[in-house]
Amino acid sequence: MLKIEKKMISWAERHMLWLLVALAAALGLYLRKIVVWWGAPDINCYFDSHENNVQSAFYYLLIHLMQYLPVLPLHSVKWLVGIADYIVAALCFVAVGGLKDGLKIKSAFYLVVCILSPVAFLRGICWAQVDALAFGFLLGAWILWEKEKRAVATALAICGTALYPCFLLLVLGWMLWGKEKRPGKDWIYFGILAAACYLVQGISGLAMGQAWRESVVSCVRWASYDPCLGTAYQELLLWVKQMAGLFGYGAAMTGGMAACRHRISYVAALAIHLAVLLVYGSILFPVLI
């Protein structure tokens, strides 16, 4: 064996975990490239801004700005959330202490799971939903919040909740989860976050020529309206399924982090992931489920 070959093998053995993550990242990118031309059955409902749509005014402002790119708006959103999947994976790695402990087998496996997660794959690049992008903002905010950088963290959280208003409840859940560590003044920031979310919606709507009230109401329509029909839910089961779809990605990713930090069992995290995957699959492929 040549000397250069021995050095290459030695280097590969020392960096085996990083090579595993890089291979997973490349595979994830390839899989996302394959489905970028595939469209979900209900995808037009999230882009046409019909009456009583469930998307926020800030979301539609983002879609409007993307029309200036030399790419189809749908593909722009898909690649945006596809990139966000990798950012979320990196932030999850940081959130569970990966930077302090270094890349070990456990953290490398967690990174691979985040990148190749079928929940992230279906919700993002397949369905073109912006959960990953909003979650990335919120996770970045949470990491900075833990470092006592309140102002920057709040600004990031405003971006995330303005883009995906239902995640305001996710932030509330995070704060209640660690309420024993939350001094009273921390809740003032949550009030600022909620108020700013509504303010951003109003400004975004005005920028697109919408009425202020219509734009602000876009923060809460997700709670009661069908995303395709624009009508209020009459059946409880359909409403529950919609709520599971809206919060599923956030629950799956939060469950994974909680398991890595030993707040819940790995079995519970896997159960959440599989349940969310079943919900997404039943919506995207109703004939097969």
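In short, a report on the structure.

## Details of the pattern of salt bridges
One pass over the full model with this rule turns up four salt bridges. The partner of Asp131 in a salt bridge is Arg123, and the shortest N-O contact between them spans 3.0 Å. Neither Asp131 nor Arg123 differs from the other in exposure class; each is buried. Salt-bridge contacts for Glu148 lead to Arg150; the nearest nitrogen and oxygen are separated by 3.2 Å. Among the residues examined, Arg150 registers a relative accessible area of 15% and is labelled buried.

## With respect to the nonpolar core
Counting 73 residues, the largest nonpolar core has Cys92, Phe135, Phe167, Tyr249, Met257 and Tyr280 as its most contacted members. In terms of residue count, the dominant contributor to this core is helix α8 (residues 131-146) (ten residues). Residues in contact with Phe135, not counting those within four places in the same chain, are Val88, Phe167, Leu170, Trp174, Tyr249, Gly250, Met253, Thr254 and Met257.

## What about helix α14 (residues 266-284)?
With 19 residues, α14 ought to run about 27 Å at 1.5 Å a step, and its terminal C-alpha atoms sit 27 Å apart, in line with that. Among the residues making up α14, those that are buried are Ala269, His273, Val276, Val279, Tyr280, Gly281, Ser282 and Leu284. On its buried side, α14 packs onto α7 (118-126), α8 and α13 (236-260).

The rules behind each value
- What you see as residue numbers is a count from 1 along each chain, following the sequence as written.
- It should be noted that, the model being predicted, local features are given only for residues of pLDDT at least 70 and side-chain atom pairs only at 80 or more, the latter also being counted only at that level, while totals for whole chains, interfaces and linings use all residues.
- Excluding hydrogens and water, the side-chain figures rest on all heavy atoms present in the structure.
- Should a side-chain nitrogen of Lys or Arg be within 4 Å of a carboxyl oxygen of Asp or Glu, the pair is scored as a salt bridge.
- Under the scheme applied here, a residue whose accessible area is under 20% of the maximum for its type counts as buried, over 50% as exposed, and between as partly exposed, the area being computed with a 1.4 Å probe on protein chains only.
- Think of a nonpolar core as a cluster: buried Ala, Val, Leu, Ile, Met, Phe, Trp, Tyr and Cys residues, connected wherever their side-chain atoms sit within 4.5 Å.
- Numbering goes from the N terminus for both helices and strands, where a helix is a DSSP run of H or I of at least four residues and a strand is a run of E of at least two.
- Residue contacts are defined here by distance: any two heavy atoms, one from each residue, within 4.5 Å place the two residues in contact.
- Each residue after the first adds 1.5 Å to the expected span of a helix.

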